[in-house]
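# Chain and residue survey
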Amino acid sequence: MIASDLPTAIERLRQLIENASVIIPFTGAGISTECGIPDFRSPGGIWTKNKLIPFDTFVTSQEMRDEAWRQRFAMEQNFAKAKPGRGHRALASLYRAGKSPALITQNIDNLHQASGIAASDVVELHGNTTYALCLDCAKRYELSWVKEKFDTLGEHAPDCGCGGHIKTATVSFGQQMPLEAMQRAEELTRNCDLFLAVGSSLVVWPAAGFPLMAKRSGVALVIINREPTDFDEIADLVVRSDIGDALSPFIAN
Ligand code: NAD
Ligand code: ZN
């Protein structure tokens, strides 16, 4: 059901939240656009500027690793400056109120953790871009270290001491999904009674399968997004508006 106007939608959402005992938010890039991090698909989004580097290309080509890191450092201003937005703060309020035990996100920006949700309660389906890992030995590297090496090497991506390639701790296209996060997300999705899909175009699989899984498990589904999604028809409530506007009434001080 698409709410006819924003106040009606917010009222309906308030009722659903009040009646729910376990709420699982599921977030996408749309929740972070007001924080200065562009999403993928909106005009001016990341895909309109950057070439997509699939995982196998990253692994096999030094040139593509250099390009991947160039792109990442070009975004550093956005990521480093970003603070949690109204959507993040509202979801953190539900968490603090004990309504929401954990959150599933497709985002890689660390903003849910920054909003006060314990890192162990943020299930990251696509990893995290605020640090890096060796693909072979899993040693952690900070971005400042990678940047220094990158500059010293004349804009070349450095490798780990073990010889493995260093990549942001994100899941690229063609890279295996993190098994533990996927399993935990599935468990949370099946065992909640309200699932809030916020700011996702719901076209990236397998992540987009979670709202569907929720619905099939008898969970009430709410979609908050300014554009239509393929799952609007099956949702119990569609709030088609700006996320900050829709969620700011739920920020507790
Ligand atoms: P997406 O770019 O496919 O979709 C974002 C959706 O949010 C769009 O439908 C857009 O209309 C909507 N939106 C944007 N700003 C909004 C606002 N203020 N209010 C309401 N709606 C708004 O994003 P996705 O579904 O998350 O998939 C893209 C993938 O890219 C993700 O898997 C994620 O890993 C990655 N990504 C992450 C970030 C981040 O961490 N912030 C940013 C870009 C991409
Ligand atoms: Zn290593």
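Residues numbered from 1 in each chain as written. Chains lettered and ligands numbered in written order. Predicted model: local features only at pLDDT ≥ 70, side-chain atom pairs only at ≥ 80, totals over all residues. Heavy atoms only, no water.

Next up on the list: the overall build of the protein. Along the backbone of the protein there are 10 helices and nine strands. On C-alpha atoms alone, the protein measures out to a radius of gyration of 19 Å, which is about the 18 Å that the 2.2 N^0.38 rule sets for 253 residues. In terms of its C-alpha atoms, the protein occupies a principal-axis envelope of roughly 55 × 35 × 30 Å. The buried share of the protein, taken over its 253 residues, is 53%. In the protein, the share of contacts with a sequence separation of at least 24, taken over all contacts with a separation of at least 6, comes to 67%. Of the roughly 12,000 Å² of accessible surface on the protein, 51% is carried by carbon and sulfur atoms. With 25 positive and 30 negative side-chain charges, the protein shows a spacing of 3 Å between the two charge centroids. (Helix = DSSP H or I, 4+ residues; strand = E, 2+ residues; numbered from the N terminus. Rg over C-alpha atoms; globule rule 2.2 N^0.38 Å. Buried < 20%, exposed > 50% of the residue type's maximum accessible area, 1.4 Å probe, protein only. Contact = heavy atoms within 4.5 Å. Areas by Shrake-Rupley, 256 points an atom, 1.4 Å probe, with all protein chains shown as cover. Lys, Arg positive; Asp, Glu negative; His and termini not counted. Charge placed at Lys NZ, Arg CZ, Asp CG, Glu CD.)

With that settled, consider the coordination of the zinc ion (ligand 2). Every protein donor of the zinc ion (ligand 2) is accounted for by C134 (SG), C137 (SG), C160 (SG) and C162 (SG), and the metal-donor separations fall at 2.2 to 2.4 Å. Of note is the zinc ion (ligand 2), whose four donor atoms meet at the metal with angles of 101 to 118° in an arrangement that counts as tetrahedral. Between consecutive donors of the zinc ion (ligand 2), the numbers of intervening residues give the motif C-x2-C-x22-C-x1-C. A residue is classified by how much of its surface remains accessible, and C160, at 8% relative accessible area, is buried. (Donors = N, O, S within 2.8 Å, 3.2 Å for Na, K, Ca; no water. Tetrahedral: all angles 85-135°; square planar, octahedral: opposite > 155°, others 65-115°.)

With that out of the way, let us pick up the layout of surface pockets. Reported here for the second largest pocket is a volume of approximately 320 Å³. At the level of elements, strand 3 (122-124), strand 4 (127-134) and helix 8 (179-190) are the ones that each hand at least two residues to the lining of the second largest pocket. Class assignment of the residues belonging to the lining of the second largest pocket gives a composition of nine nonpolar, six polar and three charged. Shared between two domains, the lining of the second largest pocket holds at least three residues of each, these being domain 1 (1-36 + 84-124 + 179-253) and domain 2 (38-81 + 127-170). (1 Å grid on protein atoms, 1.4 Å probe; cavity = no way out; pocket = protein on both sides within 12 Å on 5 of 7 lines; lining within 4 Å. Points joined across faces, edges and corners; volume = space filled by probe spheres on them. Nonpolar A, V, L, I, M, F, W, Y, C, P; charged D, E, K, R; others polar. Domains from an automatic or database assignment.)

Take the side chain of S241 next. As for its position among the elements, S241 is in the loop between strand 9 (237-239) and helix 10 (243-247). Residues in contact with S241, not counting those within four places in the same chain, are L6, N225, R226 and A246.

Turning to unusual backbone geometry, a few remarks are in order. A cis amide bond, omega 5°, links W205 with the succeeding residue P206. Note that P206 resides in the loop between strand 7 (194-198) and helix 9 (209-216). Within the chain, A138 stands out as a residue other than glycine whose phi angle is a positive 65°. Residue position: A138 is located in the loop between strand 4 and strand 5 (140-141).

The subject of this paragraph is helix 5 (residues 86-96). Extensive coverage of helix 5 is indicated by the burial of eight of its 11 residues. G87, H88, A90, L91, A92, S93, L94 and Y95 are the residues of helix 5 that are buried. Residues of helix 5 that are buried make contact with helix 1 (6-19), strand 1 (23-27), strand 2 (103-105), helix 6 (111-114), strand 7 and helix 10. Backbone geometry just after helix 5 places G98 at a positive phi near 80°.

This is a description of form; function is not addressed.
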